[in-house]
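What follows is each chain in one-letter form.
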There are 2 protein chains.
Amino acid sequence: MDSDGERRARVALSFLAQPGDLVLGAALRIMTPVDLLATITGADEDGEAVLADQMPDAALARALPRWRDRLTEIPSTAHLARWQQNGMRLVIPGDAEWPTQLDDLGDARPLLLWLRGCADLRLSCVRSVSMVGSRAATGYGNHVAIEMAAALADHDVGVISGGAFGIDASSHRGAMAAGGDTVAVLAGGLEFGYPRSHADLFAAIAARGVLASECPPDRGPTRPGFLIRNRIIAALSRGTVVVEAALRSGALNSARHARELCRLVMAVPGPVTSEQSAGCHELLRDYGAMCVTCAADVLEHIGLPGEGAGSIRLGPATPRDGLDPVTTAVLEEVPARGGRGPASIAVRAGVDLDTALRCLGMLAADGFVERSDLGWRAKRRTSSQRA
Amino acid sequence: MDSDGERRARVALSFLAQPGDLVLGAALRIMTPVDLLATITGADEDGEAVLADQMPDAALARALPRWRDRLTEIPSTAHLARWQQNGMRLVIPGDAEWPTQLDDLGDARPLLLWLRGCADLRLSCVRSVSMVGSRAATGYGNHVAIEMAAALADHDVGVISGGAFGIDASSHRGAMAAGGDTVAVLAGGLEFGYPRSHADLFAAIAARGVLASECPPDRGPTRPGFLIRNRIIAALSRGTVVVEAALRSGALNSARHARELCRLVMAVPGPVTSEQSAGCHELLRDYGAMCVTCAADVLEHIGLPGEGAGSIRLGPATPRDGLDPVTTAVLEEVPARGGRGPASIAVRAGVDLDTALRCLGMLAADGFVERSDLGWRAKRRTSSQRA
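Residues numbered from 1 in each chain as written. Chains lettered and ligands numbered in written order. Predicted model: local features only at pLDDT ≥ 70, side-chain atom pairs only at ≥ 80, totals over all residues.

Description of the interface of chain B and chain A
Then, in step 1: Taken together, the contact pairs 16 residues of chain B with 16 residues of chain A.
Then, in step 2: Mapped onto the side of chain B that touches chain A, the elements with two or more residues apiece are helix 8 (139-154) and helix 13 (278-286) of chain B.
Then, in step 3: Taken together, the residues that form the side of chain B that touches chain A break down as 9 nonpolar, 5 polar and 2 charged. (Contact = placed C-beta atoms within 7 Å. Helix = DSSP H or I, 4+ residues; strand = E, 2+ residues; numbered from the N terminus. Nonpolar A, V, L, I, M, F, W, Y, C, P; charged D, E, K, R; others polar.)

Considering helix 1 (residues 3-16) of chain B
Residues and elements named next belong to chain B.
Then, in step 1: Over its 14 residues, helix 1 extends 20 Å from the first C-alpha to the last, a length consistent with the 20 Å expected when each residue adds 1.5 Å.
Then, in step 2: Regarding helix 1, the residues found buried are Ala9, Arg10, Val11, Ala12, Leu13, Ser14 and Leu16.
Then, in step 3: Next to the buried residues of helix 1 lie helix 2 (22-30), helix 3 (33-41), helix 5 (59-69), helix 6 (77-85) and strand 1 (89-91). (Expected span 1.5 Å × (residues − 1). Buried ≥ 20, exposed ≤ 12 C-beta atoms within 10 Å, placed from the backbone.)

A look at unusual backbone geometry
Then, in step 1: Looking along the chain, the bond that leaves A:Tyr194 and enters A:Pro195 is cis, with omega of -5°.
Then, in step 2: With respect to the element layout, A:Pro195 can be found in the loop between strand 5 (182-185) and helix 10 (199-208).
Then, in step 3: The residue A:Cys262 is not glycine, and still its phi comes out positive at about 60°.
Then, in step 4: By secondary structure assignment, the location of A:Cys262 is in the loop between helix 12 (250-260) and strand 8 (264-267).
Then, in step 5: A positive phi angle, near 65°, is found at B:Asp156, a position not held by glycine.

Here's the deal with the nonpolar core
Looking at soluble globular proteins, one finds that nonpolar side chains tend to be buried together.
Then, in step 1: Core analysis: the largest hydrophobic core is formed by 226 residues, its most contacted members being A:Met148, A:Leu152, A:Val242, B:Met148, B:Leu152 and B:Val242.
Then, in step 2: When near neighbours in sequence (up to four residues on either side) are disregarded, A:Leu152 contacts A:Val129, A:Val157, A:Val159, A:Ala175, A:Gly180, A:Ala295 and A:Val298. (Core = buried A, V, L, I, M, F, W, Y, C linked by C-beta atoms within 7 Å.)

Side note on the confidence of the model for chain A
All names here are of chain A.
Then, in step 1: Scored by pLDDT, chain A comes out at a mean of 89, with 93% of its residues at no less than 70.
Then, in step 2: Here residues 382-387 is modelled with pLDDT under 50, and outside its nearest four sequence neighbours on either side it reaches 15 contacts, counting other chains as well.
Then, in step 3: On the interface metric, ipTM, the complex scores 0.72, and its pTM is 0.76. (pLDDT = per-residue confidence, 0-100.)

Some points on the sheet that holds strand 5 of chain A
Residue and element names in this part refer to chain A.
Then, in step 1: Read across the open sheet, the 9 strands follow the order 1-2-6-5-4-3-7-8-9; overall the sheet is mixed. Only two strands of the sheet have a single neighbouring strand rather than two, namely strand 1 (89-91) and strand 9 (290-291).
Then, in step 2: Docked against the sheet, helix 12 engages strand 3 (128-133), strand 7 (239-244) and strand 8, running at close to 160° with respect to strand 7. (Pairing = 2+ DSSP bridges. Axes fitted to C-alpha atoms, helices over the stretch in contact; angles between N-to-C directions.)

Focus on the pairing of strand 12 (residues 375-378) of chain B
All names here are of chain B.
Then, in step 1: In terms of strand pairing, strand 11 (residues 369-372) meets strand 12 through 4 bridges, oriented antiparallel. Each bridged residue has a counterpart across the sheet, and for Glu370 the counterpart in strand 12 is Arg377.
Then, in step 2: The antiparallel pairing of strand 11 with strand 12 creates a hairpin that spans 2 residues between the two strands.

What to know about helix 3 (residues 33-41) of chain A
Side chains that are three or four residues apart share a direction in an α-helix, a result of its 3.6 residues per turn.
All names here are of chain A.
Then, in step 1: Across the 9 residues of helix 3, 7 count as buried, placing the element largely inside the fold.
Then, in step 2: If you check which residues of helix 3 are buried, you get Pro33, Val34, Asp35, Leu36, Leu37, Thr39 and Ile40.
Then, in step 3: If you follow the buried residues of helix 3, they end up packed against helix 1 (3-16), helix 2 (22-30), helix 4 (47-54) and helix 5 (59-69).
Then, in step 4: In the segment just after helix 3, Gly42 is the residue with positive phi, at about 90°.

Some thoughts on the packing of helix 3 of chain A against helix 4 of chain A
Residue and element names in this part refer to chain A.
Then, in step 1: In the contact formed by helix 3 and helix 4, the axes pass within 8 Å of each other and the chain directions differ by 110°. Between helix 3 and helix 4, the angle falls in the class roughly perpendicular. Contacts from Asp35, Ala38 and Thr39 of helix 3 reach helix 4 at Gly47, Glu48 and Leu51.
Then, in step 2: Tallied by class, residues from the contact of helix 3 with helix 4 come to 2 nonpolar, 2 polar and 2 charged. (Parallel < 35°, antiparallel > 145°, perpendicular 65-115°, else oblique.)

Describing the sheet that holds strand 8 (residues 264-267) of chain B
Then, in step 1: Overall, mixed pairing links the 9 strands, which are arranged 1-2-6-5-4-3-7-8-9 (chain B) in an open sheet. Each edge of the open sheet is held by one strand with a lone partner, namely strand 1 and strand 9 (290-291) of chain B.

Below you can see the structure in the form of structure tokens.
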């Protein structure tokens, strides 16, 4: 099946089903997105019988009419092109930029992700932590979020959050203030950009990080959409830090997703007199969350060197002579200073663009190369003390 | 051996050895306090050989001259009588008021305890929690200590602490403010009463609770004495709550003792921006302490009904008809209103005073009787919601 066909089918399906639709996920284990779309439109007359044969429960019978009711919502190709001209790009499973850790979500795996921003989503998540918390954050919570995110950035660890008011925004801002990577996973579409008053924040994130959403770009967030989105925030990183959360805060839902995905769940304690920390204390008390008080604690838990370990290594994790010949050829063409675009590197190394991107991704994950404003460059092999 | 002889010998030994002297504790496993004193004074010429035979290491050889150097410090009987006239009483292992949980300290068990105050030490510790923390407490820490101690008192749970500035004082005050029991274990002697500026606090504790110290009453506290005293605070209760403590605070030493004694270790979180909570966070993060945010959390951990359990039982734990005949006879003589002294109860029940005290202790522990200003009275069988 051609990749463009699958891409178009996934986009169409994303207009028919709500994010996280488990029936759709189950159906996609049985047939391809193209075939499933054809089944829904009626173009494939046998598809429904195939699905019904392997999905014995009533869920499919209820879902098919629901999906069919929305067939008119599938936008034209021109509409999609306009979004892409406006700086949005689409990634689907199998793409170089698709974060494969999302596959841990099983049937709840997003159909696709719309992205906006300079950073590569997959690479941004390699060394990252999710930071979530209350929208109605206190001065204390915002302060801790900013400091922790900035200190993580100092250790080359990016922050993934939800772009909301309060702890989310402070986490993004702290990471960016220290020159770090940040990823915002929005509950609504990227063009809709909720909350609207975060337009400047979203522009700043796009300028050096990346915004992501599984929703069609013009769609506003729904109330359940926030909770459904949380599974992506939890799945993208190795661990989720709840910075400040009241009891019954949505941030605790992110923590639950993280736990279900076997990610680390960390919580920042606060004054026991503050209702805005009661959710964190509940996590510590009743759910075995790890107590983290600073970035060094987080780094220690997620298995990266923290303050206690002394200096941290910024150089490669594997020796250069352990690389395969193609990867070595790509690495040879990455300049030590300035930067070079992946297409240029591909031409010089004598490989196609996809291969170059795949090699650059692995090289970045292993600490050999990094992105700069001018493209890719070799990473300096230095050690630095934690600031 | 007569009890008075052992009592006099233990007092004498308490002037020769420092509190918690493990060599002395080991020697007391081999011979009685009377024989050990005779060995030290030289009255028993064979004693030293007996000890040396069973204590093969060099510790005894170093300890004996040290103890002998201090023989002149043993006060006269008149001196001891003066302390007792001044409201101090002496309890030793085997006495009805001796808290047998101190036996868990092994060779570090105190030789004796000097007590001052209206309450019975052993009974005060039956339903109790140790609360410790920083002397340089913050407003936050003092607030939490007072609220927690008062709420514990509302549930008939007493507070054991060290009488120091900061968290200790707030814990005692919170318990007393709610009409609860409190026990202060001082590092120096009870007559010396360190810190001096807590004279009023100590008087208030004596008026309704009890002050305890293993040191001779006129002795001031020593620097190591504070840490050695902490083992008693930890041993007396079922669990120790560290309310607020900086890194390297003496309160963490109490927590260590509690852990070594298989008592529960609990810590109250605070702002991660506060150095005065860093010790609590260390306990939560690295030592598996339980996170407690309020009295209900403490009650849940120590196995008493908390808020979540609804109303709490103030009546007896065992049915009245499960009592043995002697205890039943004692219980019959405890009035429902007002109060009656133990000697009077003993006469009416036809038992000796020691038996009456032992029975009253068990009856109090099981919730049948309680102390009042007028002596002992039967406990009302009511339930009450947590305030």
